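# Structural characterization, general
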Amino acid sequence: MKNIKDLNDDIPVGDIKLFDNYIPSIEAGNYFITVRQPVYNDSTQLDTDGVDAVQEFTVTAPQFFIDKAQVVGMYPAPGSSGKYSEVLPNIVLKDAGLPWERGMDKPGTPWLALMVFQETELNDGDDTGDKSTTTTVAAFQQGQSGVLMPKITREDDIDPKSSCKTISMSVDVFQKIAPGLDELSYLSHIRRINTDNCAIGGINEHGLFSVVAANRFCLSPESQQTQLKNIVHLVSLEGMEEYLHPKVDLSSYSGVVLLSLASWTFQSQADGYSFRMLAENLVNSEKNGNAVDPSLLWLRLPVPANTNTNMNAVVRQRISDGYVPLPWQTRSGESTFAWYRGPLTPLLPAPSTTHYPTADAALIFDKTHGIFDVALAAAWETGREIALADAAFLRKVTDFRQQMNLIADKLMHRATSPHFTSQAIADTDPRSTVQERLRSLLTPQLIKDIGNTASQMPGKRATVTRAKTAAPDPQLQLSTFLGRKDVQERLQQLAADISGELSDWLAKVKLLYPVPFRKLIADERMLPNESLRFFYVDLNWLNAAIDGAMSFGITSGKNQLLHDIVMPGIRAAAQQKAGMIRSRITGRQTADTQPPDVMSGFLLRSDMVKAWPTLVIRARDASDNSLNIIRTDHLAPNVLLCIFSGVPDNVTLSEPAETLCFGVDDEGYAVIRNIVAGDTALGQQLGTVQVRDLSGKQQYCMRAPGSHVLNIAPEDPNGLVQTLQRSMTSLKTPPPNGQLTAGTLALQMMKSAEAVVFQSQS
């Protein structure tokens, strides 16, 4: 048993910790607390019954169904096809303690099991996919005559009208594949991983998962030309304890019905894709001979062949730079085409300090060839479009401009009015009211002096003659005032105090969150199926988009002056916050809190994203320093966007640790890994042991020759547990106390994570 502090300690990215279980202090169920107070007179008990108080309470936990959000991953992936004959399916759950939250007869035994079926092994149900039947909790509890069903006491917090799912099978199938009561504890464990380098998709932010593995290998077809459907169900074995023994007599039952809490299907075939095969497919069309040409991994259209003409050279250069020719209609109604490039480019544009009041100001005209470059103009319009789509943001912009107008007016009034004492602009608070100022001046002594003055005889009135002067030009007066350095610095300070929500929104623009996908990828040929494409992030494009988003509410020259004064600070705040958005979402602090000066990344469009949604990503620069990931998200089920702070020299993609599968190699061997601290690294491979004969001639650690079901049986000398214990001891890495546990068994049966390194073209 582990406590929650042990389970939540931090580990480095790429590492994994395995725990046997997490047994709660109190199991789910209905409980009563009884307090009795007897009455005594000295040593004599006067009331033998006493006074009782009873409090009922319920410890809740899933019983007849689980929330779909509990399922983090399933392997093999639902709906996939591949060569899975050496794999033990597994399911990953978000709640680390879920498999142990319900009590079984044997303490520490999970109440969940994963069972693998062929279609012919399950009776027909409502669902033709997984052959399950939907019913109510009350109907399930009524049972069926002559059918073995779990004996479950419904807890008070479960509505009897709630829906649940069941599966039905023959007694023979149940006894053939159901794990024994003494085997269940070996089939569930806890994994602790660091999720910093995974795509954000609702996974447990602490990287703490429970894993339930099947005891049956995937079923594969005998023919090379066919596929075999596998159906996997996560079932409840609560109330089934007395039937989970190899010699139990079930001859009086015609069938078995179990609760199904989750299910999926996949196709197993004699040959199929793997992680490495999918990774290699990403660069198959980018090879020059046998080697991958990194220059072909840029995010751009295929560069046309060289025809040695001037126009061809211009087109080739534009496309090499990431531009796409798109149809364009001018404001005068002419139809032509223009060059467009989104914020993701195959080169790093030189930074520009130019900002644009309108989209037309951002148009670039190539006089030599008579063609417009509309990239920055389109960026400006994109920013305006996404701002228009967010009414809350527009209100914040309008409120901000009104506040800045009032602040500027008050600063100028207090700096130029003779009714206010001279005060440095840096010390002036325009948000204080006249009433507050008056109250601060009305001291007791001043009030007394005013009273004394009023009681004295009035003096002789003097006549004052003032020379008439021309009224100052208010526009010139305002522009002169706003041109002062001390005024601008004070306005920037005050703007920083009230623009936090604006810079939060703009930080998301910096990381492309609200930017439509069609503005990122203007032509599908830039990102074909099964492809990996690298890019730089064009900060000039993003700044133009911010100019468009912040263009609302500028209705006067005064608004424009104030806008120009405060926007550099708001842009800088947005850039600073952009580097911290991911850590805010995940709740984990990153070492790098500096605003990213250069951002780069990649787009991955592949079935790999579907099969491994929490793909692990590691990037290193030319000095072998690890790069900080500032955004990684699924833009579609098969499209992954990743943005780094800096420029990678190489990027490693690997299977996520929480979905690492179990099984044997192509010859039926499991790997023995070191678990003893010392000179040999923990987890290092030391040897192998044969667990299964894939030809079906030898039994080894299976229930029978040719069987797909593991004989885990800890008391059987030929079972998996004792076989692994002997091999580990012979290789000088004996299990703790000489006894294999769920965590150590998981480590030995775990198939090594595959990883592939892509060389960046930078």
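Every chain is numbered on its own, with residues counted from 1 as its sequence reads. This being a predicted model, a pLDDT of at least 70 is required before a residue's local features are given, and a value of 80 or more before pairs of side-chain atoms are given or counted; all residues contribute to the totals for chains, interfaces and linings. Hydrogen atoms and water are omitted, and side-chain values are computed over all heavy atoms in the structure.

### Some details on the overall build of the protein
Put simply, DSSP marks the helices as runs of H or I at least four residues long and the strands as runs of E at least two long, and each gets a number from the N terminus on. Tallying secondary structure elements over the protein gives 19 helices and 32 strands in all. In this analysis, two residues are considered to be in contact whenever any of their non-hydrogen atoms come within 4.5 Å of each other. Long-range contacts, defined here as pairs at least 24 residues apart, represent 74% of the contacts in the protein between residues at least 6 apart. The Shrake-Rupley method, run with a 1.4 Å probe, gives the accessible areas here. Residue values count only the displayed protein chains as cover. Carbon and sulfur atoms form 50% of the exposed surface of the protein, whose accessible area is close to 37,500 Å².

### Some remarks on unusual backbone geometry
For the peptide bond that leads from Tyr75 to Pro76, omega is -5°, which places it in the cis range. When you line up the elements, Pro76 lands in the loop between strand E4 (71-75) and strand E5 (81-82). Here Leu512, not a glycine, exhibits a phi torsion of approximately 70°, which is positive. When a residue's accessible area, from a 1.4 Å probe over protein chains only, is under 20% of the maximum for its type it is buried; when over 50% it is exposed; and in between it is partly exposed. For Leu512, a relative accessible area of 2% translates into the label buried. Here Asn737, not a glycine, exhibits a phi torsion of approximately 60°, which is positive. Tracing the chain through its elements places Asn737 in the loop between helix H18 (720-730) and helix H19 (742-749). The exposed category is assigned to Asn737, whose relative accessible area is 83%.

### A short note on the sheet that holds strand E7 (residues 90-93)
DSSP-based pairing: two strands are paired if at least 2 bridges between them are found. Ordered by their spatial adjacency, five strands build an open sheet running E1-E12-E13-E7-E4, and the pairing between neighbours is antiparallel. In the strand order of this sheet, the two ends are held by strand E1 (16-19) and E4, each with one partner. Direction aside, the axes of adjacent strands within the sheet are offset by 25° on average. Looking at chain direction, strand E12 (residues 188-193) and strand E13 (residues 208-213) are connected through five bridges and run antiparallel. Bridge pairing in E13 places Arg192 opposite Leu208. Think of each axis as a best-fit line through the C-alpha atoms, taken over the contacting stretch in the case of a helix, with angles from 0 to 180 degrees between the N-to-C directions.

### Thoughts on the confidence of the model for the protein
Per-residue confidence for the protein averages 84 on the pLDDT scale, and 85% of its residues sit at or above 70. Per-residue confidence from the predictor is given as pLDDT, running between 0 and 100. In this model residues 1-5 is a low-confidence stretch, pLDDT under 50, and it forms eight contacts with partners more than four residues away in sequence or in other chains.

### Quick notes on the side chain of Thr382
Tracing the backbone through its elements, the reader meets Thr382 in helix H6 (residues 375-388). When sequence neighbours within four positions are dropped, the list of residues in contact with Thr382 reads Val515, Pro516, Lys519 and Trp541.

### Observations regarding the sheet that holds strand E25 (residues 616-620)
Taken together, three strands build an open sheet; the order of strands is E25-E28-E32 and the sheet is antiparallel. At either end of the open sheet lies a strand with only one pairing partner, and these are E25 and strand E32 (755-759). Here the strands of the sheet are splayed against their neighbours by 20° on average, with no regard to which way each runs. By the bridge criterion, five bridges tie E25 to strand E28 (residues 650-654) in an arrangement that is antiparallel. Directly across from Ala619, in E28, lies its bridge partner Val651.

### Observations concerning the nonpolar core
Take the buried residues of types Ala, Val, Leu, Ile, Met, Phe, Trp, Tyr and Cys, join any two whose side-chain atoms come within 4.5 Å, and each joined set is a nonpolar core. With 74 residues, the main nonpolar core has Met169, Leu258, Phe602, Leu604, Met608 and Leu653 as its most contacted residues. Those residues in contact with Leu653 that lie beyond four places of it in its chain are Phe275, Phe602, Leu604, Met608, Leu615, Val616, Ile617, Glu754, Ala755, Val756 and Phe758. In terms of nonpolar packing, the next biggest core, distinct from the first, is built from 73 residues, Leu301, Ala362, Leu542 and Ala574 among them.

### Looking at the environment of Asn638
Inspection of the secondary structure assignment puts Asn638 in the loop between strand E26 (628-636) and strand E27 (639-645). With 26 residues separating them along the chain, Asn638 and Trp612 place their C-alpha atoms 9.8 Å apart. Beyond its immediate chain neighbours, meaning those up to four positions away, Asn638 contacts Asn529, Leu604, Arg605, Ser606, Val609 and Lys610.

### With respect to the environment of Gln759
The residue Gln759 is located in strand E32 in this model. Take Gln759: its relative accessible area is 41%, and that puts it in the partly exposed class. Considered as a pair, Gln759 and Asp649 are 110 residues apart in the sequence and their alpha carbons are 6.3 Å apart. If we skip the residues at most four places from it in the chain, Gln759 touches Pro294, Leu297, Phe534, Asp649 and Asn650.

### Notes on the pairing of E4
Counting buried positions along E4 yields four of five residues, so the element is predominantly enclosed. Here E4 runs beside E7; their pairing, made up of four bridges, is antiparallel. Its bridge partner being in E7, Gly73 is matched across the sheet by Val92.

### Side note on the pattern of salt bridges
Take a side-chain nitrogen of Lys or Arg and a carboxyl oxygen of Asp or Glu: if they are within 4 Å of each other, that pair is a salt bridge. On inspection of all chains with the given rule, the structure shows 20 salt bridges. A salt bridge links Lys558 to Asp409, with the nearest nitrogen and oxygen atoms 2.4 Å apart. On the criterion of sequence distance, the pair formed by Lys558 in helix H15 (residues 557-578) and Asp409 in helix H7 (residues 391-416) is long-range, its members being 149 residues apart. Judged by relative accessible area, Asp409 falls into the partly exposed class, the value being 37%. What emerges from the salt-bridge pattern is a single network uniting Arg102, Glu155 and Glu238.

### Let's talk about helix H11 (residues 485-498)
Working note: α-helix, 3.6 residues per turn, so residues spaced by three or four point in the same direction. Between the first and last residue of a helix there are one fewer steps than residues, each counted as 1.5 Å, and that sum is the expected span. With 14 residues, H11 ought to run about 20 Å at 1.5 Å a step, and its terminal C-alpha atoms sit 20 Å apart, in line with that. Taken together, the buried positions of H11 are Val487, Arg490, Leu491, Leu494 and Ala495. Projected down its long axis, H11 carries its buried residues within an arc of 135°, all on one side. Turned more than 90 degrees away from the buried face of H11, the exposed residues are Lys485 and Ala496. Where H11 is buried, its residues touch H7, helix H10 (474-482) and H15. Read the arc as the range of directions from the helix axis to the C-beta atoms.

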